[in-house]
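Residue-level structure breakdown
The primary structure of each chain is shown beneath.
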Amino acid sequence: MDSGHSHGLHPGPIDNSVLNLQDHHRSTDIWNGQSFEPLTCRRCDGQFWRLGTLDPRVQKTMLRAGFYGVYKAGRMRLDHALVTALVERWRPETHTFHLPVGEATVTLQDISVLWGLPVDGDPITGVDANRSMDEWQEICQELLGFRPPPEDFDRGRLKIRCLQERFKVLPDNASEETVRFYARAYILQLLGGQLLSDMSNNKVKLMYLPLLRDFEEAGRLSWGGAVLACLYRALCRASKPETSDICGPLVLLQIWAWERIPFIRPGRLVPQPQPPSDATDGEDLPLPAAPYGSRWNVGFKLESVGTHVLVLYRDQLDNMKDEQFVWEPYPPEVLESLPEYCLSGRSIWQTVSPLICFDVIEFHHPDRVLRQFGQRQSIPAACDTIPDIHLTDRRGRQNYDWAQHHRQFVDMWHNRRANVVTAPPIDGPADRNDDSYMEWYQRITRSVIGNPVTRPHTGYHAATETMAQSLQKIYHCATDAIQEGYGVASENALREIQEICEYSLRASHEDHRLDLCIDSKPPPTSMATSSSSPFVPPPKAPRGRPRKRG
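Counting from 1, residues in each chain are numbered in the order their sequence is written. In keeping with the predicted nature of the model, local features appear solely for residues at pLDDT of at least 70, side-chain atom pairs appear and are counted solely at 80 or more, and the whole-chain, interface and lining totals rest on all residues. Side-chain numbers here rest on the full set of heavy atoms in the structure, without hydrogens or water.

Going by what an unreviewed UniProt entry lists, the protein chain is known as Aminotransferase-like plant mobile domain-containing protein and is assigned to Genlisea aurea.

In C-alpha cells, the structure reads:
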C-alpha cells in the first residue's frame, strides 16, 4: 500500500481489480519517496548505421525478408528519460500505458506503419537447438560465408562486433551469394543490436540465423509480432522497481510517443530528401518508399521542448489533458501514401492474440485502446496477460521445442482473424468513449506518478490534482446535500459552495470532473492524517528572491 502524506490526493487505483500488481510496480516506490535515475537503454546498432547507404541489391534482399522498412527508418538517438517516464505508466496487467486520458499502447498497427515489419505471418518459434560450436561455425559458413573464431561465440550467441568487422561495405563486384551473406549479416546486426536485443548489449542469438536461410520464407514470418512481444516483455520487466536497465525495440517506443504526445516531441527540421525514387534494385525497378517512422530521421530543434529530464516528463504526463493526446496519428491520407509492405497486415491490426518470439509470449490487447483505431471505447472485458509466464525463459532448456511448449498460444495466433475486435466509429470528439468509460477508468487507474509531498518544489501537477480532486468531492457532496434537502439557508450556502467549485474546475479546464462522481471516502490510513500518524507538512519555501538561472 502507498505511503506518504498527500493531504487527500489519492494516486489510485481506488479499485484494484485491474491493477493488482501495484504493490510491486515502480510507481509505488516513486510515490513513497524513492528517487530513480533514468533507466539505462541498451542497444548495439551504432556501427551498422555508420555504414551509410547500403547497396541497392542488399536493400532488395532485405525487402524480401521483411527488414527493409526498419533500415529505411534509420537511426535515432534514444531519450532515456522519456523511455523511463513511459515505463512508469506501463502496466503488465493490461499491456497498456495508463495515462490521465485513458489507456494507450503500441499495437501491430504502429509497428506496421512506423517500421514496415511484417505482422501477418507464422510466429517466430520452433526448436531452440543446443548446437556445438563446430555446428554453429558450419551454419555460419553456409549462411554468412565465414567461420567466426571460437572466442566470438557465447554458447548460442555471436558477438555483434564479429559481424561489424567482417561485413562493412559490399564490394562492387560482389556475387549474388555474397549479397545474401551481407544481407543476413546486416539483419542479424539489427536483430541483436535493437529489434530483439538482450541485456548482453553486444551479442545476437544465433537461433534467428536459420530463419534467414530462405528470404522469401523469412518475409512470410511475423517479425513484427515478435518484436512487439519483446517490447512488451522489456516494458513489463522494467516496470519493477529493482530494474535499472531496459533493452529491445525502444526506438519504436520513442517514435510512437512522439507521434501521439506532441508536447514531449522535439520539433523536426527540414526532412531529408527521400532517395527511393532514384535507387533501383539492379533490375531497373525502383525500391519502395520508406515507412512513416522515417520522418523522424532528421535533425531536431529543441528550443520549444525539454528533453532528457525525467522529472519534467513525469510531471508533463501527470498533467496531460484530453486534447493533448493524438489518438489517430495515421489518418486515411497518411495510410494511403504508405508503401504496400506497411499495410500488408492491416486485417489483423485489431486482433486480440498472443505475440510470440520463441520463449516470449505477450498478449496484444487493442480492445483496450479502440480510440487509436478511430472507434468508440467502452469498458473493456477483463484480460489476463498471464504475468507468471515471464518466469518461463530459455535458461536451462536445451533443444527445447517452443512451438510445442506454447501450443495453445500458437493455435490462438493461427486463429487471429477470428479474434479481431471492432467497435462503432467515433462521431466527433465527444463520442470517443461511452459515458461510463472514464468514470470506470478513473477508479481503476494510477492517475498520478509524482508525489507533491516527496517533491514539493517540482510536483506542480500533483498540487493541481489535489485541488481538483478536493473541489470535485466538495461539489458532489454539496449536490447530494441539496438533493436530500435541509433548511433554506443551508441550501443557499451549499449552492454557493457548489457554484464556487464549478467555477474553479471550469477555470482550470477540469470541468469534465463535474460529470464524474468519484468515491469521496478518505484515502487509506497510510495516506491520510491520523492520530497515530500525524501529517508532516512539506518543507518551507526558501526566503528571499530566487536566483536567476542562466
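Our focus in this paragraph is the packing of helix 6 (residues 108–115) against helix 11 (residues 223–238). At their nearest, the axes of helix 6 and helix 11 sit 10 Å apart, and the two run at 115° to each other. Note on packing geometry: the crossing formed by helix 6 with helix 11 is right-handed. From helix 6, L108, I111 and W115 reach across to helix 11, where they touch G224, G225, V227 and L228. All residues other than Ala, Val, Leu, Ile, Met, Phe, Trp, Tyr, Cys, Pro, Asp, Glu, Lys and Arg, Gly among them, are scored as polar; the first ten of these are nonpolar and the last four charged. Class assignment of the residues belonging to the contact of helix 6 with helix 11 gives a composition of 5 nonpolar, 2 polar and no charged. With axes taken as lines fitted to C-alpha atoms, and helix axes fitted only over the stretch in contact, angles between N-to-C directions fall between 0 and 180 degrees. Helix and strand labels come from DSSP, where a helix needs a run of H or I of at least four residues and a strand needs a run of E of at least two; each type is numbered from the N terminus. The crossing is said to be left-handed when, going from far helix to near helix, the turn is anticlockwise and less than a right angle, and right-handed when the turn is clockwise. Any two residues whose heavy atoms approach within 4.5 Å at even a single point are treated as in contact.

Of all 5 residues in strand 12 (residues 353–357), 5 are buried; the element is thus mostly enclosed. Strand pairing is assigned whenever DSSP identifies at least 2 bridges connecting the two strands. Two elements, strand 12 and strand 13 (residues 360–364), share 5 bridges in a ladder whose sense is antiparallel. Bridged to C357 within strand 13 is V360. In this antiparallel pair of consecutive strands, strand 12 and strand 13, the connection spans 2 residues, and F358 shows a positive phi of 55°. Using a 1.4 Å probe on the protein chains alone, a residue whose accessible area is under 20% of its type maximum counts as buried, one over 50% counts as exposed, and one in between counts as partly exposed.

This next bit is on unusual backbone geometry. A cis geometry characterises the amide bond from G12 onward to P13, with omega recorded as 0°. Here P13 is to be found in the segment before helix 1 (26–31). In this structure, R155 is a non-glycine residue whose phi angle is positive, near 55°. Along the chain, the position of R155 falls in the loop between strand 6 (153–154) and strand 7 (157–159). Its relative accessible area of 73% is what places R155 among the exposed residues. A positive phi angle, close to 55°, is found at F358, a residue other than glycine.

On to the sheet that holds strand 4 (residues 102–104), then. Read from one edge to the other, the open sheet built from 3 strands follows the order 2-3-4, with strand pairing classed as antiparallel. Strands with a single pairing partner mark the edges of an open sheet, and in this sheet they are strand 2 (90–91) and strand 4. In the sheet, strand 3 (residues 96–99) pairs with strand 4 via 3 bridges, with the strands oriented antiparallel. Across the sheet, the residue bridging to F97 is A104, located in strand 4.

A separate point is the packing of aromatic side chains. Pairing of aromatic side chains here covers Phe, Tyr and the six-membered ring of Trp, requires ring centres within 6.5 Å, and sorts the geometry by plane angle: under 30 degrees stacked, over 60 edge-to-face, intermediate tilted. Overall, the coordinates contain 19 aromatic pairs when judged by the stated rule. A ring pair is formed by W90 and F97, whose centres lie 4.9 Å apart and whose planes are at 70°; its orientation type is edge-to-face. Note on accessibility: W90 and F97 belong to one class, buried. With 5.3 Å between their ring centres and 45° between their planes, W90 and Y232 make a pair best called tilted. Taken together, the residues W90 in strand 2 and Y232 in helix 11 connect sequence positions 142 residues apart. For W90, a relative accessible area of 0% puts it in the buried group. Put simply, the rings of F48, W49, F146, F167, Y182 and Y186 touch in pairs and so form one group of aromatic residues. Its end group placed over the ring of F36, R26 keeps NZ or CZ at 4.6 Å from the ring centre. Lysine NZ or arginine CZ positioned within 6 Å of the ring centre and within 35 degrees of the ring normal marks a charge as sitting over the ring. Lying across the ring of W136, R131 places its NZ or CZ 4.9 Å from the centre.

Relative to each other, helix 5 (residues 80–87) and helix 12 (residues 250–260) sit at 80°, their axes nearing to 10 Å. Overall, the two elements helix 5 and helix 12 adopt an arrangement that is roughly perpendicular. In this structure, helix 5 contributes L82, V83 and L86 to the contact, and helix 12 contributes L250, L253, Q254, A257 and W258. Across the contact of helix 5 with helix 12, the residue classes break down as 7 nonpolar, 1 polar and no charged. Any angle from 65 to 115 degrees is called roughly perpendicular, while one under 35 is roughly parallel, one over 145 is roughly antiparallel, and all others are oblique.

Let us look at the side chain of E259. With respect to the helices, strands and loops of the structure, E259 is situated in helix 12. A residue is classified by how much of its surface remains accessible, and E259, at 2% relative accessible area, is buried. At 2.8 Å, the side chain of E259 forms a polar contact with the side chain of R295. Polar contact is the term for a pair of N or O atoms within 3.5 Å; when the atoms are in protein, one must be able to donate a hydrogen and the other to accept it, and sequence-neighboring residues count only if both atoms are side-chain atoms. Polar contacts involving the side chain of E259 include one to the side chain of W296, which spans 2.7 Å. Residue contacts for E259: discarding those within four places in its chain leaves L114, R265, Y292, R295, W296, V326 and P329.

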